[in-house]
Amino acid sequence: MLLELKGVTIPTFDQKCNIVNNISFSVKEKSIHSIIGPNGSGKSTLAYSIMGLPTYKISKGQILFDGQDITNMNITERAKLGITLAWQEPARIDGLTVFKYVSLGIKDKSNQKENVIKALKTVNLEPERYLNRYIDETLSGGERKRIELAATIAMKPRLIILDEPTAGLDLIVIEDFLNIFNRIKELNMTILLITHREDIGMVSDYATLLWRGDEIITSTFPEVMIRYCAKAGLKEYCKRTVFQGEKTGCFDSDYIDRIFREEESK
Amino acid sequence: MSNIEYPKEILKSLEEYNINIKDFLPGHGKGAKLLLDFNKIKGMEEIEGVILKGKEIQNGIIADIIIKEGVKLEDPVHLCFGVNKETGVQEIFPRIIAEDNSEVTIQAHCSFPNATGLIHKMYSHFYIGKNCKFNYTETHYHGEKSGAIVAPVAQIYIGENSIFENNFTLTRGTVGKVKILLDIYAMKDSTIRSTVKAFGRTKNDSVRIRDSIFLEGENARSVLKMKAAAQNGGEVLMYGVTEGNAPKCNGHVECNEIVLGRGSICRARPFIRATDPEASVSHEASLGRFPQKWLDELKAKGLTEEEAIQILIEAMLGE
Ligand SMILES: Nc1ncnc2c1ncn2[C@@H]1O[C@H](COP(=O)(O)OP(=O)(O)OP(=O)(O)O)[C@@H](O)[C@H]1O
Ligand SMILES: [Mg+2]
């Protein structure tokens, strides 16, 4: 297992209450693993905590990366081990060029330019048009997110945490992003994909459902989606989307009804 | 004067600012040029439409640089005030005149790579006529020993409908003691863009800059940007003044400052004033540290906090 969370609890910075409680799941190397859950369920909090942000320190539990306990490591140390995070809203910084930004995490300085160009191509940006631009307000939201992806890919990390990589993007672009995720997977990187959209989650091999800070289930994506729908009381929606998908043919209507009954009886 | 000897250390410091030194020496590039080595005129090259006059005086020179009426220069005029001595006094009295309808870029370099107690003073007058495009870039390199004392004063007159751009950069190496006073008078329909950047790296570095823009003519416009960073006890004080003294004039002052480490002092402060009821003058300022989120994002790419801060300073002060 590449990443293991064991009973992870994350309190608010003032320690008054817990944002997520007792979470345990594992992420398999070279897989796409989604974390899904409604707004405010603690997805970003979990992402920041895995990255090692000091304001999201865990109060209980343990985080292992490739078998090594990283619970007490800082962001830089974790990044050097091969963990990185693409933020939900990446920063806009005047004066920092796309070239400089994408090259920041490249360890091998000898063929930096080549690697930057390769990374930009992987996210479908024409290098010549972007290399000398600044990562400031003049980039569109979609461009900024692609550049963030390129910067993380260029690092050649082992685990990329993507926090809502498709938020604010239109449908045509989302399709392109799904292809990019598969390309990242082909580069032998593992993706922890945070999303609350089922059409995005479909690319994932496994998923974990968070609900108000609690972990409900970790399983295959369709299985997790049925639980999500049952929690939210969205039976019709569930049958329309999850049940009909080709990928999910294994779930019949009766199975979905049973899960919903179970949830209602709780 | 095509094969002059010019101190290598000074040329090297120019290269650091991405200046092609091949174009720089007389007889090589196309533009007009005036090169000083301490108190001696080492090279002077006029071209069609540009008059250069220089006279050596006791501690320096008096110089006239005149761009003739209607002359539009493609290549920049280079001025280099270099000293590779450790100590001494260099005083320069330049008078720069751009006649009506002329267009020119002037690149001035003040390079003192070995300074340990070197004084450089400059008293300049600029007269820019009507309908001109005038671009003035001044880069400084003061060596690594914080041993320069640099005090330029400039009075600048910008004629009707002219565009004046001023870029001052002191971000490489140490500062030493720098005190700059700049007054710009903007006439009717003129446009002023002035950007000043300085970085005080050590406790021996002190920068004080006061730039003032007086919008004296109707419809004159100006943007003044001041970017200051100080670390390890360095001191950078910048004051950006804009006065709106004419109808429909419009001025803006933008100041950014970043303070790092104990004992550093950094101020970039706007001062605005309007005496005409139809003038509009505004300002914005940002102070203090870089946002934590920026630092976290760079750290997630494997940078340490110190490395992340250096990258952000470079971005802020970048050319
Ligand atoms: N520093 C904090 N102090 C107090 N509460 C916090 C803090 N950070 C997050 N929270 C709360 O924790 C909850 C989870 O937030 P989080 O951002 O992790 O949700 P999310 O699942 O990523 O939501 P979204 O889908 O909207 O991005 C929210 O209720 C949020 O207000
Ligand atoms: Mg979130």
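Predicted, not measured: the structure shown is a model, and the values here were computed from it.

## Topic: the site of ligand 1
All names here are of chain A.
Reasoning step 1: Around ligand 1, 14 residues are found, and the nearest of them are N39, G40, K43, S44 and T45.
Reasoning step 2: G40 is positioned such that a nitrogen or oxygen atom in its backbone is 2.8 Å from an oxygen atom of ligand 1.
Reasoning step 3: Take S41: an N or O atom from its main chain is 3.2 Å from an oxygen atom of ligand 1.
Reasoning step 4: By residue number, the principal contributor to the shell around ligand 1 is helix α1 (residues 43-51), which donates three residues.
Reasoning step 5: For the shell around ligand 1, the class distribution of residues is three nonpolar, nine polar and two charged.

## Things to note about the pairing of strand β4 (residues 60-67) of chain B
Residue and element names in this part refer to chain B.
Reasoning step 1: Within β4, seven of the eight residues are buried, leaving the element largely enclosed by the surrounding structure.
Reasoning step 2: Relative to β4, strand β3 (residues 50-57) runs antiparallel, the two being bridged by eight bridges. If you follow K55 over to β4, its bridge partner there is I62.
Reasoning step 3: Hairpin connection between β3 and β4: a loop of two residues separates the two successive antiparallel strands.
Reasoning step 4: Pairing geometry for β4 and strand β6 (residues 87-98), over eight bridges, is parallel. Note that in β6 the partner of I67 across the bridge is A98.

## Notes on the packing of helix α6 (residues 141-154) of chain A against helix α7 (residues 171-186) of chain A
Residue and element names in this part refer to chain A.
Reasoning step 1: The contact between α6 and α7 brings their axes to 12 Å, and the two run at 0°. Here α6 is positioned roughly parallel relative to α7, judged by the angle of their axes. Residue-level contacts link G142, K145, R146, L149 and I153 of α6 to V173, D176, F177, I180, F181 and I184 of α7.

## As for the nonpolar core
Reasoning step 1: Ranked by size, the top nonpolar core spans 66 residues in total, and within it L79, F134, Y136, F164 and M238 of chain B carry the most contacts.
Reasoning step 2: Setting aside anything within four residues of it in sequence, one finds F134 of chain B in contact with I96, A98, V104, I106, F126, I128, I163, F164 and E165 of chain B.

## Quick notes on the side chain of H252 of chain B
All names here are of chain B.
Reasoning step 1: Among the secondary structure elements, H252 is positioned in strand β17 (residues 250-260).
Reasoning step 2: Exposure remark for H252: the relative accessible area of 18% places this residue in the buried category.
Reasoning step 3: Here E284 takes part through its side chain, which lies 3.2 Å from a polar atom of the side chain of H252.

## A word on the sheet that holds strand β8 (residues 117-128) of chain B
Residues and elements named next belong to chain B.
Reasoning step 1: Pairing is mixed in the open sheet, where nine strands are placed in the order β3-β4-β6-β8-β10-β12-β14-β16-β18. Each end of this open sheet is capped by a strand with a single partner; those strands are β3 and β18 (265-274). Across the sheet, the mean angle separating the axes of adjacent strands is 5° when strand polarity is ignored.
Reasoning step 2: With ten bridges joining them, strand β14 (residues 206-215) and strand β16 (residues 235-244) adopt parallel strand pairing. Within β16, the position partnered with I213 by the bridge is T242.

## Observations concerning the domain arrangement of chain A
Residues and elements named next belong to chain A.
Reasoning step 1: Segmenting chain A into domains produces domain 1 (3-82 + 157-221) and domain 2 (91-156).
Reasoning step 2: Of note, the centres of domain 1 and domain 2, computed from C-alpha atoms alone, are 23 Å apart.
Reasoning step 3: Approximately 1,200 Å² of surface area, both sides summed, lies buried where domain 1 meets domain 2, with 67% of it carried by carbon and sulfur atoms.
Reasoning step 4: At the boundary of domain 1 with domain 2, the tally comes to one salt bridge.

## Focus: the packing of aromatic side chains
All names here are of chain B.
Reasoning step 1: Counting across every chain of the model gives 13 aromatic pairs over all chains.
Reasoning step 2: With 5.2 Å between their ring centres and 20° between their planes, F93 and Y123 make a pair best called stacked. One end of the pair, F93, is in strand β6; the other, Y123, is in strand β8, with 30 residues separating them in the sequence.
Reasoning step 3: Using a relative accessible area of 32% as the deciding quantity, one classes Y123 as partly exposed.
Reasoning step 4: Ring plane angle 50° and centroid distance 5.8 Å describe the contact between Y239 and F271, whose orientation is recorded as tilted. On the criterion of sequence distance, the pair formed by Y239 in strand β16 and F271 in strand β18 is long-range, its members being 32 residues apart.
Reasoning step 5: Through successive ring pairs, a cluster of aromatic residues spans F126, F134, Y136 and F164.

## Overview of the coordination of the magnesium ion (ligand 2)
Reasoning step 1: Taken together, the protein donors to the magnesium ion (ligand 2) comprise S44 of chain A (OG) and Q88 of chain A (OE1), at separations of 1.9 to 2.6 Å. Pair noted here: S44 of chain A is in helix α1 and Q88 of chain A is in the loop between β6 (83-86) and α3 (98-103), with a separation of 44 residues, a long-range link.

## Some points on the interface of chain B and chain A
Size of an interface, as often reported, equals the accessible area lost when the parts are brought together.
Reasoning step 1: Each partner contributes to the interface: chain B provides 16 residues, whereas chain A provides 27 residues.
Reasoning step 2: Overall, the association of chain B and chain A removes approximately 1,700 Å² of surface from exposure, summing both partners, and the carbon and sulfur fraction of that is 65%.
Reasoning step 3: Interface area lost by chain B to chain A is led by E297, A300 and K301 of chain B, which between them contribute 35%.
Reasoning step 4: The interface formed by chain B and chain A holds one salt bridge in total.
Reasoning step 5: A salt bridge links E148 of chain A to K301 of chain B, with the shortest nitrogen-to-oxygen separation between them at 3.1 Å.
Reasoning step 6: The interface formed by chain B and chain A includes six residue pairs in polar contact (both at pLDDT 80 or more).
Reasoning step 7: Of all the secondary structure elements, the ones that give two or more residues to the side of chain B that touches chain A are α2 (292-299) and α3 (305-317) of chain B.
Reasoning step 8: Grouping the constituent residues of the side of chain B that touches chain A by class yields seven nonpolar, two polar and seven charged.

## Observations regarding the side chain of T242 of chain B
Reasoning step 1: Along the chain, T242 of chain B falls in strand β16.
Reasoning step 2: You can call T242 of chain B buried: its relative accessible area is 0%.

## A short note on unusual backbone geometry
Residue and element names in this part refer to chain B.
Reasoning step 1: At F38, a residue that is not glycine, the phi angle is positive and equals roughly 55°.
Reasoning step 2: Mapping F38 onto the fold places it in the loop between β1 (33-37) and β2 (40-45).
Reasoning step 3: For F38, a relative accessible area of 17% corresponds to the buried category.
Reasoning step 4: For N232, which is not glycine, the phi dihedral falls at a positive 50°.
Reasoning step 5: On the accessibility criterion, N232 (49% relative accessible area) is partly exposed.

## Description of the environment of A230 of chain A
All names here are of chain A.
Reasoning step 1: Within the secondary structure layout, A230 lies in helix α9 (residues 221-232).
Reasoning step 2: Relative accessible area serves as the criterion here: at 7%, A230 is assigned to the buried category.
Reasoning step 3: For the pair A230 and E264, spaced 34 residues apart in sequence, the C-alpha to C-alpha distance is 8.1 Å.
Reasoning step 4: In this structure, A230 is in contact with I259, F260 and E263, ignoring residues within four places of it in sequence.

## Notes on the sheet that holds β17 of chain B
Residue and element names in this part refer to chain B.
Reasoning step 1: Spatially, ten strands are ordered β2-β1-β5-β7-β9-β11-β13-β15-β17-β19 in an open sheet, and the strand pairing comes out mixed. Strands with a single pairing partner mark the edges of an open sheet, and in this sheet they are β2 and β19 (280-286). Strand-to-strand twist of the sheet, defined as the mean angle between neighbouring strand axes without regard to direction, takes the value 10°.
Reasoning step 2: Relative to strand β7 (residues 103-111), strand β5 (residues 77-82) runs parallel, the two being bridged by six bridges. Residue pairing across strands places H78 opposite Q107, the latter belonging to β7.
Reasoning step 3: Sheet strands touched by α3: β13 (191-200), β15 (221-231) and β17. Its angle to β15, the strand with the most contacts, is close to 155°.

Calculation notes
- Residues numbered from 1 in each chain as written.
- Chains lettered and ligands numbered in written order.
- Predicted model: local features only at pLDDT ≥ 70, side-chain atom pairs only at ≥ 80, totals over all residues.
- Heavy atoms only, no water.
- Near = heavy atom within 4 Å.
- Polar contact = N/O pair within 3.5 Å; in protein donor to acceptor, adjacent residues only side chain to side chain.
- Helix = DSSP H or I, 4+ residues; strand = E, 2+ residues; numbered from the N terminus.
- Nonpolar A, V, L, I, M, F, W, Y, C, P; charged D, E, K, R; others polar.
- Buried < 20%, exposed > 50% of the residue type's maximum accessible area, 1.4 Å probe, protein only.
- Pairing = 2+ DSSP bridges.
- Axes fitted to C-alpha atoms, helices over the stretch in contact; angles between N-to-C directions.
- Parallel < 35°, antiparallel > 145°, perpendicular 65-115°, else oblique.
- Contact = heavy atoms within 4.5 Å.
- Core = buried A, V, L, I, M, F, W, Y, C linked by side-chain atoms within 4.5 Å.
- Domains from an automatic or database assignment.
- Buried area = accessible area lost by both parts, 1.4 Å probe.
- Salt bridge = Lys/Arg side-chain N within 4 Å of Asp/Glu carboxyl O.
- Phe/Tyr/Trp six-rings, centres within 6.5 Å; stacked < 30°, edge-to-face > 60°.
- Donors = N, O, S within 2.8 Å, 3.2 Å for Na, K, Ca; no water.

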